[in-house]
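For reference, the chains in residue letters:
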Amino acid sequence: MDAPQACGAQPGGKPLIHVPLLEITNLCVQFGGLRALSQFNFALDPGDLVGLIGPNGAGKTTAFNVVTGVYRPSAGRVILDGRSIGGRKPFQVNRLGVARTFQNIRLFEGMSVFDNVLVSFNRSGMGGVAGTLVRTPGHERIEHNRECEALDLLAVFGLAGRADDLSSSLPYGQQRRLEIARALATRPRILLLDEPAAGMNPQEKVDLMEMIRLLRDRFRVGIWLIEHDMKLVMSICQRITVLDHGETIAVGTPQEIQDNPKVIEAYLGGPA
Amino acid sequence: MTELSDRPSSRVLPAWAANFVIVLVIGTLWPVARLTASQLNPYVVQVILLIGINIVMATSLNLINGITGQFSLGHAGFAAVGAYVTGVLVNYLAAHDQLAGHEWLAMIVFLPLGGIIAAAMGLVVGIPTLRLTGDYLAIATLGFGEIIRIVITNTNRIGPLEVRGSQGLRVPVISNLFWTYLWVIICVVCVWRLVHSIKGKAFLAVREDEIAAAAMGVNTTFYKVLAFVIGAFFAGVGGGLQATGFFLIDPKGFGFMQSFLYVVMVVLGGSGSVTGVILAAIVLTWLPEQLRSLKSLHVEDLRMVTFSLLLIVMMLVRPEGLLGRRELWWTRRRLAAPSPAGNP
Amino acid sequence: MILHNLAQQLIYGLSVGATYALIALGYTMVYGTLRLINFAHGDVYMVGAVVGFYVASWVTRSGGAAWITLTVALLAAMAACAVLGYCIERFAYRPLRNRPRLVLLITAIGVSLLLENTFQLPAVFGATPRYYPQRMISSLLAPFGVLGLTRLDLLSLVLSLALVGFITWIILRTRTGLALRAVSFRFDTATLMGINTDRIISFTFVFGSALAAVAGVLNAIRYQVDPLMGIMWGLKAFIAAVLGGIGSITGALLGGLLLGMVETLLRGVFLPASYSGYADAAAFVILILILLIKPTGLLGQSTAQKV
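Procedures and definitions
- Residues numbered from 1 in each chain as written.
- Chains lettered and ligands numbered in written order.
- Predicted model: local features only at pLDDT ≥ 70, side-chain atom pairs only at ≥ 80, totals over all residues.
- Helix = DSSP H or I, 4+ residues; strand = E, 2+ residues; numbered from the N terminus.
- Rg over C-alpha atoms; globule rule 2.2 N^0.38 Å.
- Buried ≥ 20, exposed ≤ 12 C-beta atoms within 10 Å, placed from the backbone.
- Contact = placed C-beta atoms within 7 Å.
- Axes fitted to C-alpha atoms, helices over the stretch in contact; angles between N-to-C directions.
- Parallel < 35°, antiparallel > 145°, perpendicular 65-115°, else oblique.
- Left-handed = near helix turned anticlockwise from the far one by under 90°.
- Nonpolar A, V, L, I, M, F, W, Y, C, P; charged D, E, K, R; others polar.
- Pairing = 2+ DSSP bridges.
- pLDDT = per-residue confidence, 0-100.
- Right-handed = clockwise from strand over helix to strand, strands pointing away.

### A few points about the overall build of chain A
Moving on, step 1. When you go through chain A residue by residue, the secondary structure sums to 10 helices and 10 strands.
Moving on, step 2. Taking 19 Å as the expected radius of gyration for a compact globule of 272 residues, we find that chain A reaches 21 Å, a close match to that expectation.
Moving on, step 3. On the principal axes, the C-alpha backbone points of chain A span a range of 65 × 65 × 40 Å.
Moving on, step 4. Residue burial in chain A is summarised as follows: out of 272 residues, 43% are buried.
Moving on, step 5. Taking contacts inside chain A between residues at least 6 apart in sequence as the whole, the part at least 24 apart equals 66%.

### Thoughts on the packing of helix H2 (residues 41-61) of chain C against helix H10 (residues 229-244) of chain C
Residues and elements named next belong to chain C.
Moving on, step 1. As a packed pair, H2 and H10 sit with axes 7 Å apart at the nearest point and diverge in direction by 130°. The angle between H2 and H10 places the two elements in the oblique class. Judged by the sense of rotation from one axis to the other, the crossing of H2 with H10 is right-handed. Residues His41, Gly42, Asp43, Tyr45, Met46 and Ala49 of H2 form the contact with H10, whose own contacting residues are Met229, Gly230, Ile231, Trp233, Gly234 and Leu235.
Moving on, step 2. The residue makeup of the contact of H2 with H10, split by class, is seven nonpolar, four polar and one charged.

### Quick look at the packing of helix H3 (residues 75-95) of chain B against helix H5 (residues 134-153) of chain B
All names here are of chain B.
Moving on, step 1. Relative to each other, H3 and H5 sit at 30°, their axes nearing to 8 Å. By the angle class used here, H3 and H5 are roughly parallel. Between H3 and H5, the contacting residues are Ala76, Gly77, Ala80, Val81 and Tyr84 on the first element and Phe144, Gly145, Ile148, Arg149 and Ile152 on the second.

### Concerning the sheet that holds strand E1 (residues 22-31) of chain A
What holds strands together in a sheet is hydrogen bonding between their backbones, with the strands either parallel or antiparallel.
Residue and element names in this part refer to chain A.
Moving on, step 1. The sheet built from four strands is open, its strands ordered E2-E1-E4-E5 with antiparallel pairing. Every interior strand has two partners, whereas the edge strands, strand E2 (34-44) and strand E5 (83-84), have only one.
Moving on, step 2. Looking at chain direction, E1 and E2 are connected through seven bridges and run antiparallel. Bridging across to E2, leucine 22 finds its partner in leucine 44.
Moving on, step 3. Across the sheet, helix H1 (residues 60-67) touches E1, E2 and strand E4 (75-80), and the angle it forms with E2 is around 65°.

### Considering the sheet that holds strand E7 (residues 190-194) of chain A
Residue and element names in this part refer to chain A.
Moving on, step 1. Taking strand neighbours across the sheet as the criterion, the six strands line up as E6-E7-E8-E3-E9-E10 in an open arrangement whose pairing is mixed. Of all the strands in the sheet, the pair left with one neighbour each is strand E6 (98-100) and strand E10 (247-252). Each adjacent strand pair in this sheet contributes to an overall mean axis angle of 20°, direction not counted.
Moving on, step 2. Here strand E9 (residues 239-244) runs beside E10; their pairing, made up of five bridges, is antiparallel. Directly across from aspartate 244, in E10, lies its bridge partner glutamate 247.
Moving on, step 3. Docked against the sheet, H1 engages strand E3 (49-53), E6, E7, strand E8 (222-226) and E9, running at close to 145° with respect to E7.

### Thoughts on the pairing of E9 of chain A
Taken residue by residue, a regular strand's side chains alternate between the two faces of the sheet.
Residue and element names in this part refer to chain A.
Moving on, step 1. Of the strand pairs in this sheet, E3 and E9 are connected by four bridges, and their pairing is parallel. Bridge pairing in E9 places glycine 51 opposite isoleucine 240.
Moving on, step 2. The hairpin formed by E9 and E10 contains two residues between the paired strands, and histidine 245 there has a positive phi angle of roughly 50°.

### Re the confidence of the model for chain A
Moving on, step 1. With 91% of its residues at a pLDDT of 70 or more, chain A has an overall mean of 86.
Moving on, step 2. Across residues 1-10 of chain A the pLDDT falls below 50, and counting only partners more than four positions away or on other chains, this stretch makes four contacts in the model.

### With respect to the interface of chain C and chain B
Moving on, step 1. In this assembly, 33 residues from chain C lie in contact with 31 residues from chain B.
Moving on, step 2. Listing elements by their share of the side of chain C that touches chain B, those giving two or more residues are helix H4 (101-120) and helix H12 (279-293) of chain C.
Moving on, step 3. No other element matches H4 of chain C, which puts 14 residues into the side of chain C that touches chain B.
Moving on, step 4. Grouping the amino acids of the side of chain C that touches chain B by side-chain chemistry returns 24 nonpolar, six polar and three charged.

### Regarding unusual backbone geometry
Moving on, step 1. Positive phi outside glycine occurs at glutamine 39 of chain A, with the angle close to 50°.
Moving on, step 2. Positionally, glutamine 39 of chain A belongs in strand E2.
Moving on, step 3. Even without glycine at this site, arginine 35 of chain C takes up a positive phi of about 55°.
Moving on, step 4. Relative to the assigned elements, arginine 35 of chain C resides in the loop between helix H1 (2-34) and H2.

### Looking at the interface of chain A and chain B
Moving on, step 1. With 42 residues of chain A at the interface, the matching set in chain B holds 37 residues.
Moving on, step 2. Secondary structure elements with two or more residues in the side of chain A that touches chain B: helix H2 (90-95), helix H3 (113-119), helix H4 (126-134) and helix H5 (137-156) of chain A.
Moving on, step 3. Here the side of chain A that touches chain B takes seven residues from H5 of chain A, the largest share from any one element.
Moving on, step 4. Per-class residue counts for the side of chain A that touches chain B are 17 nonpolar, 12 polar and 13 charged.

### A closer look at the environment of tyrosine 181 of chain B
Residues and elements named next belong to chain B.
Moving on, step 1. Within the element layout of this structure, tyrosine 181 appears in helix H6 (residues 177-195).
Moving on, step 2. Under the C-beta neighbour-count criterion, tyrosine 181 is labelled buried, with 25 such atoms within 10 Å.
Moving on, step 3. As a C-alpha pair, tyrosine 181 and alanine 227 span 46 residues in sequence and 22 Å in three-dimensional space.

### Considering the pairing of E7 of chain A
Residues and elements named next belong to chain A.
Moving on, step 1. Within E7, five of the five residues are buried, which leaves it mostly tucked inside the rest of the structure.
Moving on, step 2. Neither face of E7 is exposed, since Ile190, Leu192 and Asp194 on one face and Leu191 and Leu193 on the opposite face are all buried.
Moving on, step 3. Relative to E7, E6 runs parallel, the two being bridged by three bridges. Bridge pairing links arginine 100 to leucine 192 in E7.
Moving on, step 4. Of the pairings in the sheet, the one linking E7 to E8 comprises five bridges and is parallel in character. Each residue of the ladder has a partner; that of leucine 193, found in E8, is leucine 225.
Moving on, step 5. For the crossover that starts at E7, traverses helix H7 (residues 202-219) and ends in the parallel E8, the hand is right-handed.

Okay, structure coming up:
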């Protein structure tokens, strides 16, 4: 018999079945009589940039909410890195590597820009409390390092100059960027962006597109994007899923989606 | 680009220096306290004592209400627990002639014990109620505070320990400025350090937006309960200081009115500002005492009328309190609010 | 004998509960429209009792019979409290309507303190409790029948049921009621629909305060008048409103009656005499339980939050 193989390699170069980082299987979400999402399937890997589109009320944010633990799945599975995360609490899901932004920006308005990002650097549990109270040199060093990291992150997003300003005093576009920075500070492997371009002017959207690509490359995250701006979605996403009334009506590359008659019908309505 | 060193730091001193200063202050506290007590009029000493106790009460409540945004209206209930635990135990020792000469031991053991039991109560109260929000949390905590008060009022003895409920409990006065201000220092340092740290940002985030906080990995339940437990601990200590600082304790002094007074201190100081709340506690303890000394008929009632009017006016005019979310020495630049015209 | 005591306590409990319901209605209507716990409501109840006391004393001195005195006192108290309620809303709450809820809550407590302390001033009423005219008391509190029912018990029950019925009719059958329901449901949309929300809110305060006045007079006849009488009663009536489902009119009635009965039965029947003080805690225990098990109350409906 052959000697034990190193993980992932097999004789003859045949690859193991690839397991995506995030895998959603036959997900259903039902609120009473309303079926918000049915038979939803999805897969995402680090380095992916995938879009989720559909008319309003199609179930896009619901999908995000289930993955991040805000809603429980009524049926189906959500697997992250081999672990089932369906039904877990939001903070647990985040600790496992999924971060998100919100459709209506949810910044910590009464806190400064810097503090908004710093929140995400909370890692330790009770042990941290003792160190915080006594301020041991070890604790101080850790805090200083984290503060440096936070500042560096702000610099990537061009927000370092406004670090001590109230986050609600930022212009809209910068607020959206801060939200993304805050989510990235939690060191996720997957980033869910819920309509990040909403309310932005064309120039801001171009900058955002650049930024999203940069994030993907620099931080090696898988990015899943909900957007209404077709131009943006089509130009940066590798793959797009289209939802309508909770059902998946198309999955494919931007070109395939654009030519898909069902998609066109969902957005523009059928023949009169 | 702003370097970390350019930013105004929440560290007034490097940690090792701060720790050194704290130890130094505590070291000199005993002689300073004795000197003050001997030089000043006993009534003034009592007021200073009360100020210290109220600083502890208000600061501990600030952690719960101001920093973490959980509107608790039952803080006096935790004080009651601490007061009666400490008071009853001290009394027991005194009744068996074991107290004399061992007062310092009683203070070292019974005072924190009162705090710990109050903290346990905070756990009992906190875990079920903290899933409630806003108004509901307020009345739930009010309810708990009242339950505690009613139970104490109706309790005469617990085994060999005399409680005396509604009659009030006489406790030998074994506390003084030193013990009181020792705990003031401990409480303020703890709350300050908690707030001005990365962990503190988690508390604040829970206040600002729980859903977003959870999405950023903050275990909101843990932080809420933690704030409650720590707040309750110091409230219990505050209660114990009351019991041993004044010769009589009575459940009536630990009711909703008292809880509300502490809430006013937190709001007046600016929820979330540690220094602001300390200032408010001082002002709100000292001012009524000043008014009390006015030689006028029924000034007691007018005092309360004025107080309530002041409260309403303050809410109408400056609801964010004296300092809002700033600490005393932060400049205007820090946490600059948006300009009225909108975004720059 | 035990059965007799039980029946008596039941009637008494219903009567107490009816009074809770009257006060609870004010809380529930205000919370339904403004999402505000009107801490000052218990003190409006107190003011009703005081106004009623002064009027009743004057009418009795002028030789009025018990029923005339009662009617005049009730009307005067209702009028006074209606005005008071209107003023509180107009001058203390309305300016703060767009502020965070905590600010409103503290203002409400401030108003409550103001009323309590103003009425403790000797010039206004003083801190010592006083009693309604003896003639009224003996007439209304004379027990009749086999169960020891008093005229007051009957009156309380009848009045509360009538008033609850009246307000329910208003809510379900009039345009004002429709507007009220719209405002409770969605404040901003109601304004956009052309509803004069200020007028509706004033209405809830005026009506609720008038009801509290009735409760105040009835209770003051039964017990006594003192400036702090509103604290416990107000708090417990609020708990009754929460129990029944805050925002629900029938909930206020149900909650009030239930709470009154439970408290009375505990105090008078189930708890041994030395522990009867704990009956006071019953209301708060019920509060905690309701908040933990079904925070929207027995008849309330839950609303979800969009993420």
